[in-house]
Amino acid sequence: MADKLLKLGIPAGSLQEATSELFRKAGYNIKFSSRSYFPSIDDDEIECLSIRAQEMARYVQQGILDAGITGHDWVVETGADVHEVCELVFSKVSRRPVRWVLAVPNDSDIKTVKDLEGKRIATEAVGLTKMYLDKHGVNAEVEFSWGATEVKPPRLVDAIVEVTETGSSLRANNLRIVDEVLQSTTRLIANKKAFTDDWKAQKLNNIALMLQSCLAAEGKVGLMLNVRRSDLQKVLEGLPALQQPTVSNLSDPDWVAINTILDESVVRAIIPALREAGATGIVEFPINKIID
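Here the structure is a predicted model, which means the values were calculated and not measured.

Draft legend 1. Summary view of the overall build of the protein. A count of helices and strands for the protein gives eight helices and 16 strands. In terms of overall size, the protein is more extended than a compact globule, its C-alpha atoms giving a radius of gyration of 25 Å where 292 residues would be expected to give roughly 19 Å. Residues classed as buried in the protein amount to 45% of the 292 residues present. Restricting the contact set of the protein to residue pairs at least 6 apart, pairs at least 24 apart contribute 69%. Surface exposure of the protein reaches about 15700 Å², of which carbon and sulfur atoms provide 47%.

Draft legend 2. Structural context of the nonpolar core. Ranked by size, the top nonpolar core spans 30 residues in total, and within it F23, Y28, L88, L188, I207 and L211 carry the most contacts. Of all the secondary-structure elements, those providing two or more residues to this core are β1 (6–12), α1 (16–25), β4 (46–52), β5 (67–71), β6 (83–88), β12 (186–190) and α6 (198–217). In terms of residues, this core owes the most to one element, α6, which gives eight residues. Sequence-distant contacts of L188, that is, excluding residues within four places in its chain, are made with L8, G68, I69, H83, E84, V85, C86, L88, L204, I207 and A208.

Draft legend 3. Molecular detail of helix α2 (residues 53–62). Buried within α2 we find A53, M56, A57 and V60. One side of α2 holds all its buried residues, which, seen down the axis, span an arc of 90°. Residues of α2 that are buried in the fold lie against β1, β4, β5, α3 (72–78) and β12. Count one or two residues on from α2 and you reach G63, which has phi positive near 85°.

Draft legend 4. Region of the structure containing the pattern of salt bridges. The full count for this structure, using the stated rule, is 14 salt bridges. A salt bridge links K200 to D66; its shortest N-O distance comes to 3.0 Å. Of this pair, K200 sits in helix α6 while D66 sits in the loop between α2 and β5, and the two are 134 residues apart along the sequence. When sorted by exposure, K200 lands in the same class as D66, which is buried. A salt bridge links R187 to E87; the nearest nitrogen and oxygen atoms lie 3.8 Å apart. Highlighted residues: R187 in strand β12 and E87 in strand β6, separated in sequence by 100 residues. Judged by relative accessible area, which is 36%, E87 ranks as partly exposed. When salt bridges with common partners are traced through the structure, they connect D43, E45 and K203 into a single cluster.

Draft legend 5. Spatial organisation of the sheet that holds strand β14 (residues 246–249). The strand order β14-β15-β13-β16 describes an open sheet built from four strands, whose pairing is antiparallel. Whereas interior strands pair on both sides, the edge strands pair on one side only; in this sheet they are β14 and β16 (280–286). Between one strand and the next, the sheet's axes are offset by a mean angle of 20°, whatever the strand orientation. Note: β14 against strand β15 (residues 255–263), four bridges, orientation antiparallel.

Draft legend 6. The sheet that holds strand β7 (residues 98–105), seen in detail. Pairing is mixed in the open sheet, where five strands are placed in the order β9-β8-β10-β7-β11. At either end of the open sheet lies a strand with only one pairing partner, and these are β9 (141–144) and β11 (175–184). Between one strand axis and the next, the sheet turns by 25° as a mean value, whatever way the strands run. Sheet analysis places β7 next to strand β10 (residues 159–164), joined by five bridges and oriented antiparallel. For A103, the partnering residue across the bridge sits in β10 and is I160. Across the sheet, helix α4 (residues 126–135) touches β7, β8 (120–123), β9, β10 and β11, and the angle it forms with β9 is around 165°.

Conventions adopted
Residues numbered from 1 in each chain as written. Predicted model: local features only at pLDDT ≥ 70, side-chain atom pairs only at ≥ 80, totals over all residues. Heavy atoms only, no water. Helix = DSSP H or I, 4+ residues; strand = E, 2+ residues; numbered from the N terminus. Rg over C-alpha atoms; globule rule 2.2 N^0.38 Å. Buried < 20%, exposed > 50% of the residue type's maximum accessible area, 1.4 Å probe, protein only. Contact = heavy atoms within 4.5 Å. Areas by Shrake-Rupley, 256 points an atom, 1.4 Å probe, with all protein chains shown as cover. Core = buried A, V, L, I, M, F, W, Y, C linked by side-chain atoms within 4.5 Å. Arc of directions from axis to C-beta. Salt bridge = Lys/Arg side-chain N within 4 Å of Asp/Glu carboxyl O. Pairing = 2+ DSSP bridges. Axes fitted to C-alpha atoms, helices over the stretch in contact; angles between N-to-C directions.

Below, the structure written as structure tokens:
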């Protein structure tokens, strides 16, 4: 075991696969076992613990873990006092924030949050929901839901506060959204005392850099091409780029090479235009990381 060790919480459940894949792209290989809560990782300076995202912030605050990956929603829900190292915009099925929403049956008389006065609400995020109601000056009964929250209205409760990415589950259960309670993204958080340790802070900042670089590279590709100097300006004008493209001299003084990064979605549209403008030797290549 390494002399210095970072205790890192990896979210179990719905975020586990997405987190593992992101770490893999960043160069960390995490292996899970059905019989162990301690995943292995190919870094002797990191010890992983697999734990529910809902509990992560609490254990990080207590110092049982130096750091962990969890949703901003669960930091708010638990009221944990932790240091946020970085935001990581990914979830179990998409690369966009999840939403906690107030939802009711399609035929419900509830139109706004004010209509919840004296009503019953089911949710997994009790603290979050109570904060939302307090903000709007509404008194309602909030009960913890152990799951299958969408099926509870209208027989068991009047409304629910539930997390959604696409809204498909709500629609399938004949529910409509009344209001958005909170948007949340995944975060890398750290124990405040642990983050004052220079080694742990540097280790976490390095991990954050690699994870964020992989997210930044998603949907991007590299493009290399050659062009005559006389056509250079015309080609550059039609070439969108993440930043300024790199222009390099070739052995033939009449020619230059261009290297750039751009959105994958625009490649098929601009390559014909680039060829028309005089570009040759066009090569598209994948981008795994973008490190500023």
